[in-house]
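Structural overview
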Amino acid sequence: MMRMETLEITAPKEVARRYTSAEFRLLPQGPPYFELINGTLVRSPSPKFPHQHASNELVFLLNLYVRERGIGIVLSAPMDVEFDQFNTFQPDILFISSERSHLITGDGDIVGAPDLVVEILSKNRVKDLGTKRYFYEIHNVREYWIVDLQKKTIEVLENQDMEFVRHSYAKRTGEVESKLLPGFRVNVEEIFE
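Structural notes, computed from the coordinates. (Residues numbered from 1 in each chain as written. Predicted model: local features only at pLDDT ≥ 70, side-chain atom pairs only at ≥ 80, totals over all residues. Heavy atoms only, no water.)

The next thing to look at is the nonpolar core. Membership of the largest hydrophobic core comes to 25 residues, with the highest contact counts inside it found for Leu62, Trp145 and Ile154. Listing elements by their share of this core, those giving two or more residues are α2 (49–69), β6 (93–97), β8 (116–120), β9 (143–148), β10 (153–159) and α4 (188–191). The element contributing the most residues to this core is α2, with 6 residues. The contacts of Ile154, once residues within four sequence positions are left out, are Trp145, Ile146, Val147, Ser168, Tyr169, Ala170, Val176, Val186, Val188, Ile191 and Phe192. In terms of nonpolar packing, the next biggest core, distinct from the first, is built from 18 residues, Val81, Ile110, Leu157 and Phe164 among them. (Core = buried A, V, L, I, M, F, W, Y, C linked by side-chain atoms within 4.5 Å. Buried < 20%, exposed > 50% of the residue type's maximum accessible area, 1.4 Å probe, protein only. Helix = DSSP H or I, 4+ residues; strand = E, 2+ residues; numbered from the N terminus. Contact = heavy atoms within 4.5 Å.)

Moving on to helix α3 (residues 125–138). With 14 residues, α3 extends 19 Å from end C-alpha to end C-alpha; this agrees with the ideal 20 Å at 1.5 Å per step. For α3, the principal kink sits at Lys132 and spans about 35 degrees. Among the residues of α3, Lys127, Asp128, Lys132, Phe135, Tyr136 and Glu137 are the ones counted as buried. A positive phi of about 70 degrees marks Asn140, the residue just after α3. (Expected span 1.5 Å × (residues − 1). Bend = angle between axes of the 7 residues up to and from the residue.)

A word on the side chain of Glu35. Here Glu35 is to be found in strand β1 (residues 34–37). For Glu35, a relative accessible area of 3% corresponds to the buried category. Reaching out from Glu35, the side chain makes a polar contact with the backbone nitrogen of Gln90 at a distance of 2.6 Å. Side chain to side chain, Glu35 and Lys127 meet in a polar contact 2.9 Å long. Non-local contacts of Glu35, meaning those with residues more than four positions away in its chain, are made with Phe24, Thr40, Leu41, Val42, Ser44, Thr88, Phe89, Gln90, Lys127 and Lys132. (Polar contact = N/O pair within 3.5 Å; in protein donor to acceptor, adjacent residues only side chain to side chain.)

What follows deals with a nonpolar patch on the surface. There is a patch of nonpolar side chains on the surface, built from Tyr134, Ile138 and Met162 and spanning about 290 Å² of accessible area. Here Ile138 is to be found in helix α3. Classification of Ile138 as partly exposed rests on a relative accessible area of 31%. (Patch = residues over 30% accessible without salt bridge, like charges linked within 9 Å, V, L, I, M, F, W, Y side chains within 5 Å. Areas by Shrake-Rupley, 256 points an atom, 1.4 Å probe, with all protein chains shown as cover. Salt bridge = Lys/Arg side-chain N within 4 Å of Asp/Glu carboxyl O.)

A cis amide bond links Ala77 to the next residue, Pro78, at an omega of 5 degrees. Looking at the secondary structure, you find Pro78 in the loop between β3 (72–76) and β4 (81–84). In this structure, Arg172 is a non-glycine residue whose phi angle is positive, near 65 degrees. Along the chain, Arg172 falls in the loop between β11 (164–171) and β12 (175–177).

Attention now moves to the environment of Gly72. Structurally, Gly72 is set in strand β3. Residues within four places of Gly72 in sequence aside, it is in contact with Val66, Phe95, Ile96, Ser97 and Ser98.

Taking 1.5 Å of rise per residue, 21 residues should cover 30 Å, and α2 covers 30 Å from first to last C-alpha, within 8% of that figure. All buried positions along α2 are accounted for by His51, His53, Ala54, Ser55, Leu58, Val59, Leu62, Tyr65 and Val66. Buried residues belonging to α2 abut β3, β6, β8, β9, β13 (185–187) and α4. Once α2 finishes, Gly70 follows within two positions and takes phi at roughly 60 degrees, a positive value.

Okay, structure coming up:
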């Protein structure tokens, strides 16, 4: 007589709930702060001093340039930017030109791609260099700055037909420049003091 093995059938493990950007907007204002990445709520810890120092320096310089010319607005995190139904990010720094001011809704939300986004790399480098970079490309962020605190580099990427191409790069010394904002240059040493 042939012995048959029994197969144990168990209930499937609980699948993480997928959230929409509309549901994300209903969350209470932080802290804690979250991003919505592919429908998943991702909590970010508060940044450390080097991150905030670099952010403050860049916001100051960018704000001077933008205000002097009256060409838009500069904002810094935490500020939610909704890219699609399942993705709402908080770029470290963003610039919205006057031409794209319609992205700021009457409720104060930002829906759509800013002209320029700056991400200051933290422990979760994959998120900034992978997932977020991809969404910035396909949603037509015109320029993406990547600030790497460990390597002391700043890379400026220009969006050409929904693909980022390096426009400017500096490591430890020298300057980077914007293609989007003519004449806007940043001395790398000032950012990493």
